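# Per-entry structural report
Chain by chain, the residues run as shown.
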Amino acid sequence: MACLSALISLLTPLAAAAEWQIAGAAKTNLTDKPLAGDTTPALSARFTNAGNRALRRAFTKTTSFDPAKPHRIEWRWRFDGKPGDFGNSFNDRINFFSADQPQGGSNASSAWLIGIAAASEPDREVHEGKWFFFDRQDDGDFKKENMVSTGLSLVPGAVYSFSVTVDPAAGVYSASISDGLKSFSETGLRFRNDRKGSHPVLHFGGSASNAGDDHSFSLGEIRITQLAGDAAIAAKPAREAKLPKPASANQKETAPQLANGPVLVQLFEDLPKGAELDLENVHAITEYRESATAFTRLPMKYSANALPLDRSSPFVLLARTEIVRPAGEYKLRLRAKGAARLFVGDQLVLTTKPQKAASDGHEDVPELLKPDVVDLHIAHYSHQEATATVKLDGSPRTVTLVALIGGKGLTPTPGELSVAIGKPGEMPRLLGTPDAPLLDEASWEYFANVQAERHRLADAHRRREVSDSVIGAWERYHAQVRERTRSLPPIALPSAVAGLPESNAIDRFINTRIAAGKTKPTALTEDLEFLRRLTLDTIGLVPTPDEIRSFLAEPSATRRTRAIERLLAHPGWADHWVSYWQDVLAENPGIVKADLNNSGPFRWWLHQSFSDGLPFDRIVTELVQMEGSLVQGAPAAFRMASLNDAPMAAKADVLAQAFLGEKLSCARCHDAPDHPHKQSDTFSLAAMLEGKPLKLPSSSTVSVVEGFRKPKITITLKPGQSLDPHWPFEQHAKLTQLAALVPISATAPATRSQAARLFVTLDNGRFAKVVSNRVWKRYFGGGLVEPAEDWNNALVSHPGLIEWLAREFIVSSYDLKALSRLIFSSYAYQRRPVDTSWADTRAEDRLFTGPARRRLSAEQLVDSLFLIAGKEFGSEELNTSPAGNRPLETFLNLGVPRRAWEFTATMNERDRPSLAKPAAQSIVDVLTTYGWRQSRQNPTTTRADAPSPMQTLLLANGVVGTRIARLSDDSAFTELALKTQPVEALVSETFLRVLNRPPSVSETKSATEYLKSSHAIRIVADAVKQVKRVRPDDRIGWANHLSTAANYIRMEEERRLRMGDEPTKRLRPEFRERYEDFLWSLLNASEFVLIP
Amino acid sequence: MKLNLNRREFLKASAASALTAPLASLADAGKAVPKGKAEACIFLWMGGGMAQIDTFDPKGRGDGKKIPGCYYNTIGTAIPGVKISEHLKQTAGILDRCVLLRSLSHEQSAEHGAATYLVHTARKPSETVVYPSIGSVVAHQLGSRTQAVPPYVVMGYPNIARDPGFLGPEHGYVYLTQLETGPNGLMRAPDVDAARQQRREGLLGTWQKEFEQRNPTDKAAIAQGEISRRGFKIAGPEFMNVFDLTHEPKTLRDSYGGEFGQRCLLARRLVQSGVRFVEVSFNLNFINGTGWDTHNEGQRDQHKLIQELDKAFATLVLDLEKHKMLEKTLVVIATEFGRPPGFDSRGGRGHQSQAFTGVLAGGGLRSGQVIGATDESGSKIAEMPLTMPDFHATMHCALGINPHKRLYTPDDRPVPITDYGRPVEKLFI
């Protein structure tokens, strides 16, 4: 092996800068600093042209070097340009290659080729944003199939080392790339041009979408080494086309909900592009059964720890069913957003075209289609409908549907993909058994609801199943935790206090201090006061009259305990916790081009975690590891922070406040003035979350402005300074043996997983206490430690109690329900409220003589209002691309809200009526006025929700208040009023429904008097119930927001909403209005918004 | 027994300020800031990005294709030597009551949402503090002039840029999106007349009285009752009358022009009734297809928007003057960014945040001035660059609010009203 020292010096930029040629327009200069690892200065280049750009030079044959023989080329390279300029365009590329002639840029004549392309473009799919090694397969086209992805991205400022070993005679090379942290190598790569022999012209460059794009780079010393003649590289056999992996046994859907049905459904992912589907040779990733050939919802895909994952986009749905129909003519009707085909037997009978992605807003509002059969459900306008008449002969026929779902720039959901069959002119049925649902409006809606519910249950089932081993790992870890905890000395309980009743150990701690404080606690709540408070605290709703009656039917000695158990098992438990953690974890998804420090949506993962009853330490571990889908509600969405210079620094603060009581906010841009945190603490933890060293952005510091006084805060970090991953809270947790047993995901960056372990380990002295204190604060209106998110210098009101609660929480395997059960069961919780804001009371006076008086939270209020009226929100889908022809990353789809936490900012910064969501807005108005934040840019533990006149007004006159008090045909109060019963019974039931207690004698009297005269004649005998509801127009979105029609439609909806829901015709207006007045007065009573 | 444990109180008590002093501010340095005489502000929002080059900062004529420049002819104004677009005829005649700020700039040109937030808050979004809009800051600092009206009203869509941020929902706004419907929450449902409302409040009073008797010491219950009584007062006939524009002479209503003009008239009435800050949004895309976001074909009918602005704005200024309110009312024309002198491939304009114009009128400022200038092309600032904090500081000073005053977040973090904003001193001399 001969080292070509002469050539090296020739190729060293310093020695021979003049011999370089420039393709494109560039300024080059030699920097005085070598790249890390080099000894000679680097050549830096800044190009100013659009299109191809390259620095090139030839290394010709010399006496001691032959480019036609095996050789190795090594160099270092760094991107110095603007990260934003290497944008979303296919034309933003970087590449290094050799060719036999000088070239303007890489093309089919390149031999070896290494590079990176920022984005794919139609028909040119690349490994977007990942360094690739070209590896010719079937042809030399620049496409994914001919590339090996290294998995490494373009990191500005990182010094990459490349090495290419070339075997010119074989037309094959090996390559490696390293960014100092990660590396990747591959051997047996084939030349792009498929030409063996010498390719002596080296190119370093790429291409830019705009002339002004700053893709500056520095190129270090290039070493070229001749290798011995026997260093031939064997070309590997051509890679197999990327086919879906064979289905293994557990990919078959085993959820009982999806095990039966006449339709067999299979989903296929990662199919080779452009090829005809050869379903004989690929294997389904999922297989299940449906009751009919209609797909409004598909099974969610989950990771091994049950996090939602994105399917490949597109993916393929195949559905097969056998039908038997009497001989005759039938009309088949296929509805699909995108490309689909329908076969009867082997015969193709129907096709639909692929859906096109779009981006501007100038489309028209499409016409509403008229059904060809009366009452037929019409699919959303984004669907194509294809029909064909077929003759069936009475024998069984197999019908097969193949549909492509999603694709580049499209939302990967099936929409209303369906096949229906019927005699021409008759109402068709969905394809399935002969009694499958009809395709009329009501049946379709019912079918879609049932399907959604079935999949919700099946998803929950599958989450447990796929994460079986993860569940086991946590159980083993928790067993060790319990064992360790049991070996600790027990926490001493104070002795009982004479005269102060107690239910459990909590009361010992509370009573002792009350007695010492020489004060008296409040009395025990009445049963119904307790039930209202407990129901709100567990499931975020007021109790229904039926729940009240069954509560009162229990023996009085056990009814409270039984109610606690019943409510802890209620699905609303998850809903009520989601809203809390949305605040604390700053969940802030944006549905219109998120650009205001938005996170992604991780709400559904929070909800599923609480629904599934996961141990809380597992939830936190998964949050910190930030894996799964970015857009479909997984913790990966926590990772995102749009328009933020250091997202992980933001997340470090959120996590430290949430789970350690350490507030890093004041150490974000400088050292904290009144906390012991340095800015380096924030950024070291941020680097842990990032998984690699993190540079301090220049915008994350405080500058001194001329003419103003110098800031007094201390700044110890310099912009550009790099911080290594490091755990800044050694005082709370170290990586002990036990900590190393906390189960983590194998795929998250190592230091991030390490941080996850450190946050939750038993050896973290803070975690369990901080969480226990948060739960206590939620139920008592003040923490044992305040502020709950900032424990520095905080005094503890009941030090023994916080220890005790944390210990109980730990031995319950971090079960929030177990902890809540203890608190709800205590006598202290069951006392009547006190008029003290415990959160604002200093520790020595924080005696918890009763829970603090609280008002309904925004979500409790809105959810309870709609519950008692029995009405749906009637909200628009929280999505700005109803046609689904834009990617979810740009226009998230947060679905149609069913509980208040599901709302989000309507984001009409553009002030366009067409971008308004009037129904959602009317509810968001109430929520925000009561302290819910439409934008959660920062984490919040205590909301600003002081009483304000607007709160009253929105309930009294606003859209929501008017709807709730309006006796329309969808109101539970309308049905109540129609019941045959004395007016007193109606009054009593109404009180029970709204205020959750029977009326007093005088209240009954007043209300009865108001209603009596019209009650007797209230019923309009021949009037019928109006079932059809007015729904928001779902044709309007980004695509047509500039059209005048879209604007007028939404403005009209706003006006209609102001009128309130259509009043029922079944009640005479004389009575209806009186009963509405009565309802209105109860809803607007102070008592309604106060928690007993 | 109750002690407010916040850091501010602690500081006052202990004067331990060396460790805990907040960021520097002018006020700290003892430098006086000018104090204007305005008592209220009408903030006219040209959502979408009003092209300064086609309105208040025209340059040589462009052709809508290759040659950059103003799309219209220019005309002289009541400020000698100052020219504006020919479609601002009425405004030209009253420009001596105005100040043109021709050198506003910021760095957020890509996205409307982000730029709108920046111009309303003078800050970029942060993950540690949620900043209040200028309307909320004014509402927080000055309150309403009378008890029975809200301090801050928005005619436009509710959004984060207009929100109260850390000041909390009580410093938020009452909004309306259509004059016809009025604000949500203030207008009673159409089937509830005064008599029915009175019956309703009668019943409510019965329950309230009994509840308060049952809980005589419950301060929360009593406070809740108080708040609701205050609410009903705001929704009373007096304030609701303000929204009824038929109280104004028809000739005046007509001279204000279309929907936007009528909103401006309502703004005057609101300010008259005691409201401190009224934001009036104007981005009606039915007029030209795109509103002020005149990409592509949106440019073609842009003059219709400009004419509507001209009519409404000039009438508003003269109407305020006639009511002797102009000196005490700051009128602002603001937008998220301007537009470049060049045209796109379909004859429209892109975004330009590095140089655009804002207009101030009245408010007791020394009017008839042009502050700052762009270069010959209209794409760069040539003179006296003004940042968003400077723009806000100027508006705050006009309203007598010290732009360096510190506000406090709920966790007692000090946040100055503007970050180093310098008011345009020449307007206060």
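Thresholds applied
Residues numbered from 1 in each chain as written. Chains lettered and ligands numbered in written order. Predicted model: local features only at pLDDT ≥ 70, side-chain atom pairs only at ≥ 80, totals over all residues. Heavy atoms only, no water. Helix = DSSP H or I, 4+ residues; strand = E, 2+ residues; numbered from the N terminus. Rg over C-alpha atoms; globule rule 2.2 N^0.38 Å. Buried < 20%, exposed > 50% of the residue type's maximum accessible area, 1.4 Å probe, protein only. Areas by Shrake-Rupley, 256 points an atom, 1.4 Å probe, with all protein chains shown as cover. Lys, Arg positive; Asp, Glu negative; His and termini not counted. Charge placed at Lys NZ, Arg CZ, Asp CG, Glu CD. Core = buried A, V, L, I, M, F, W, Y, C linked by side-chain atoms within 4.5 Å. Contact = heavy atoms within 4.5 Å. Phe/Tyr/Trp six-rings, centres within 6.5 Å; stacked < 30°, edge-to-face > 60°. Pairing = 2+ DSSP bridges. Axes fitted to C-alpha atoms, helices over the stretch in contact; angles between N-to-C directions. Salt bridge = Lys/Arg side-chain N within 4 Å of Asp/Glu carboxyl O. Parallel < 35°, antiparallel > 145°, perpendicular 65-115°, else oblique. Left-handed = near helix turned anticlockwise from the far one by under 90°. Polar contact = N/O pair within 3.5 Å; in protein donor to acceptor, adjacent residues only side chain to side chain. pLDDT = per-residue confidence, 0-100. Buried area = accessible area lost by both parts, 1.4 Å probe. Nonpolar A, V, L, I, M, F, W, Y, C, P; charged D, E, K, R; others polar. Expected span 1.5 Å × (residues − 1).

This next bit is on the overall build of chain A. For chain A, the helix and strand inventory stands at 27 helices and 31 strands. The globule rule puts the C-alpha radius of gyration for 1092 residues at 31 Å, and the 34 Å found for chain A is close to it. Overall size of chain A, expressed as C-alpha extent along the three principal axes, is 115 × 85 × 60 Å. Going through the 1092 residues of chain A one by one, you find that 58% of them count as buried. When the accessible surface of chain A is summed, it comes to about 41,600 Å², and 52% of that surface belongs to carbon and sulfur atoms. If the 133 positive side-chain charges of chain A are averaged to one point and the 129 negative ones to another, these points end up 2 Å apart.

What follows deals with the overall build of chain B. Within chain B, the regular secondary structure consists of 13 helices and 14 strands. The globule rule puts the C-alpha radius of gyration for 429 residues at 22 Å, and the 23 Å found for chain B is close to it. Dimensions of chain B along its principal axes, counting C-alpha atoms only, are 80 × 60 × 40 Å. Taking all 429 residues of chain B together, 62% fall into the buried category. Summed over its atoms, the accessible surface of chain B is roughly 15,800 Å², and 53% of this surface lies on carbon and sulfur atoms. Counting 51 positive and 45 negative side-chain charges, chain B places the averaged centre of each group 3 Å from the other.

Here we take up the nonpolar core. With 181 residues, the main nonpolar core has Leu44(B) and Phe313(B) as its most contacted residues. With 9 residues, the top contributor of residues to this core is helix 12 (residues 302-322) of chain B. For Phe313(B), the residues in contact, after removing those within four places along its chain, are Leu44(B), Thr91(B), Ile94(B), Cys98(B), Val331(B), Ile333(B), Val359(B) and Ala361(B). With 110 residues, the next largest nonpolar core counts Leu500(A), Phe551(A), Leu717(A) and Val742(A) among its residues.

With that settled, the discussion passes to the environment of Pro58(B). All names here are of chain B. Here Pro58 is to be found in the loop between strand 1 (40-45) and strand 2 (74-76). The buried category is assigned to Pro58, whose relative accessible area is 13%. Considering only alpha carbons, one finds Pro58 and Glu86, 28 residues apart in sequence, at a separation of 9.7 Å. If sequence neighbours within four positions are ignored, Pro58 has contacts with Gln52, Ile53, Cys70, Thr74, Lys83, Ile84, Ser85 and Arg102.

All names here are of chain A. The full count for this structure, using the stated rule, is 70 aromatic pairs over all chains. Where Trp75 meets Phe162, the ring centres are 5.2 Å apart and the plane angle is 15 degrees; that geometry is what we call stacked. Here the residue Trp75 occupies a position in strand 5 (residues 71-79), and Phe162 occupies one in strand 10 (residues 159-167), the gap between them amounting to 87 residues. Under the relative-accessibility criterion, Phe162 is labelled buried at 2%. Both rings, one in Phe133 and one in Phe184, keep their centres 5.9 Å apart while their planes meet at 45 degrees; by these two values the pair is tilted. In this pair, Phe133 sits in strand 8 (residues 130-134) while Phe184 sits in strand 12 (residues 183-190), placing the two residues 51 residues apart along the sequence.

In a beta sheet, neighbouring strands are held together by backbone hydrogen bonds and run either parallel or antiparallel to one another. Residues and elements named next belong to chain A. Taken in spatial order, the 6 strands line up as 16-15-20-25-22-23 in an open sheet, and their pairing is antiparallel. Edge positions in the sheet fall to strand 16 (286-290) and strand 23 (347-352), since each has one partner strand and no second. The sheet shows a mean angle of 20 degrees between the axes of neighbouring strands, taken without regard to direction. Relative to strand 20 (residues 315-323), strand 15 (residues 263-268) runs antiparallel, the two sharing 5 bridges. What sits directly across from Leu264, in strand 20, is Arg320.

This part is about the pattern of salt bridges. In the structure shown here, the tally under the stated rule is 96 salt bridges over all chains. Linking Lys331(A) and Asp372(A) is a salt bridge whose minimum nitrogen-to-oxygen distance equals 3.1 Å. Taken together, the residues Lys331(A) in strand 21 (residues 328-336) and Asp372(A) in the loop between strand 23 and strand 24 (384-392) connect sequence positions 41 residues apart. Classification of Lys331(A) by relative accessible area gives partly exposed; the value is 21%. Linking Arg346(B) and Glu297(B) is a salt bridge whose minimum nitrogen-to-oxygen distance equals 3.1 Å.

Residue and element names in this part refer to chain B. Position of Lys219 relative to the elements: it lies in helix 8 (residues 219-234). Residue Lys219 is classed as exposed on the basis of its relative accessible area, which comes to 57%. Distance from Lys219 to Phe277, taken between C-alpha atoms, is 32 Å for residues 58 residues apart in sequence.

Residues and elements named next belong to chain A. At their nearest, the axes of helix 16 (residues 799-811) and helix 17 (residues 816-825) sit 8 Å apart, and the two run at 140 degrees to each other. Considered as vectors, helix 16 and helix 17 are oriented oblique to each other. When the axes of helix 16 and helix 17 are compared, the crossing they make is right-handed. In this structure, helix 16 uses Trp804, Leu805, Glu808 and Phe809 to contact helix 17, whose residues at the interface are Leu816, Leu819, Leu822 and Ile823.

So, about the side chain of His127(A). Residue and element names in this part refer to chain A. Mapped onto the elements, His127 comes out in the loop between strand 7 (113-117) and strand 8. With relative accessibility at 18%, the residue His127 sits in the buried group. Here Met147 takes part through its backbone oxygen, which lies 3.5 Å from a polar atom of the side chain of His127. Apart from residues lying up to four places away in sequence, His127 is in contact with Ala117, Lys144, Met147, Val148 and Ser149.

Quick look at the pairing of strand 8 (residues 329-334) of chain B now. All names here are of chain B. Judged by how many residues are buried, strand 8 sits mostly within the fold: 6 of 6 residues are covered. Because side chains alternate across strand 8, one face comprises the buried residues Thr329, Val331 and Ile333, and the other comprises Leu330, Val332 and Ala334, equally buried. Pairing of strand 1 with strand 8, which is carried by 6 bridges, proceeds in the parallel orientation. In the sheet register, Phe43 faces strand 8, and the bridge partner there is Val332. Taken together, the 4 bridges between strand 8 and strand 9 (residues 356-362) define a ladder with antiparallel strand orientation. Bridging from a neighbouring strand, Val331 pairs with Ala361 of strand 9.

Residue and element names in this part refer to chain A. Confidence in the prediction for chain A averages 90 pLDDT; 94% of positions are at 70 or higher. Contacts from residues 1-18, a stretch scored under 50 in pLDDT, to residues over four places away or in other chains number 37 contacts. Every residue in residues 238-250 scores below 50 in pLDDT, and together they form 24 contacts with partners more than four places removed in sequence or on other chains.

Let us look at the interface of chain A and chain B. Contacts between the two partners involve 102 residues from chain A and, on the opposite side, 100 residues from chain B. Carbon and sulfur atoms supply 55% of the area buried between chain A and chain B, which totals about 8,800 Å² over both sides. Applying the counting rule to chain A against chain B returns 14 salt bridges. The salt bridge involving Arg1055(A) is made with Glu180(B); its shortest N-O contact spans 3.6 Å. The interface formed by chain A and chain B contains 41 residue pairs in polar contact (both at pLDDT 80 or more). At the level of secondary structure, the elements contributing two or more residues to the side of chain A that touches chain B comprise helix 12 (647-660), helix 19 (918-929), helix 20 (949-956), helix 21 (959-965), helix 24 (1001-1015), helix 25 (1044-1058), helix 26 (1069-1083) and helix 27 (1086-1089) of chain A. Tallying contributions element by element places helix 26 of chain A first for the side of chain A that touches chain B, with 8 residues. A breakdown of the residues in the side of chain A that touches chain B according to their chemical character gives 37 nonpolar, 31 polar and 34 charged.

All names here are of chain A. At a minimum axis separation of 11 Å, helix 15 (residues 767-780) and helix 17 run at an interaxial angle of 45 degrees. Taken as axis vectors, helix 15 and helix 17 run oblique relative to one another. Like other packed secondary-structure pairs, helix 15 and helix 17 cross with a definite hand, here right-handed. In this structure, helix 15 uses Val771, Ser772, Val775, Trp776, Tyr779 and Phe780 to contact helix 17, whose residues at the interface are Leu816, Leu819, Ser820, Ile823 and Phe824. Partitioned by chemical class, the residues of the contact of helix 15 with helix 17 number 9 nonpolar, 2 polar and no charged.

Residue and element names in this part refer to chain A. In a regular helix each residue adds 1.5 Å, so 14 residues correspond to 20 Å; helix 15 covers 20 Å between its end C-alpha atoms and thus fits that length. Burial runs high along helix 15: 14 of the 14 residues are buried. Backbone geometry just downstream of helix 15 places Gly781 in the positive-phi region, at approximately 75 degrees.

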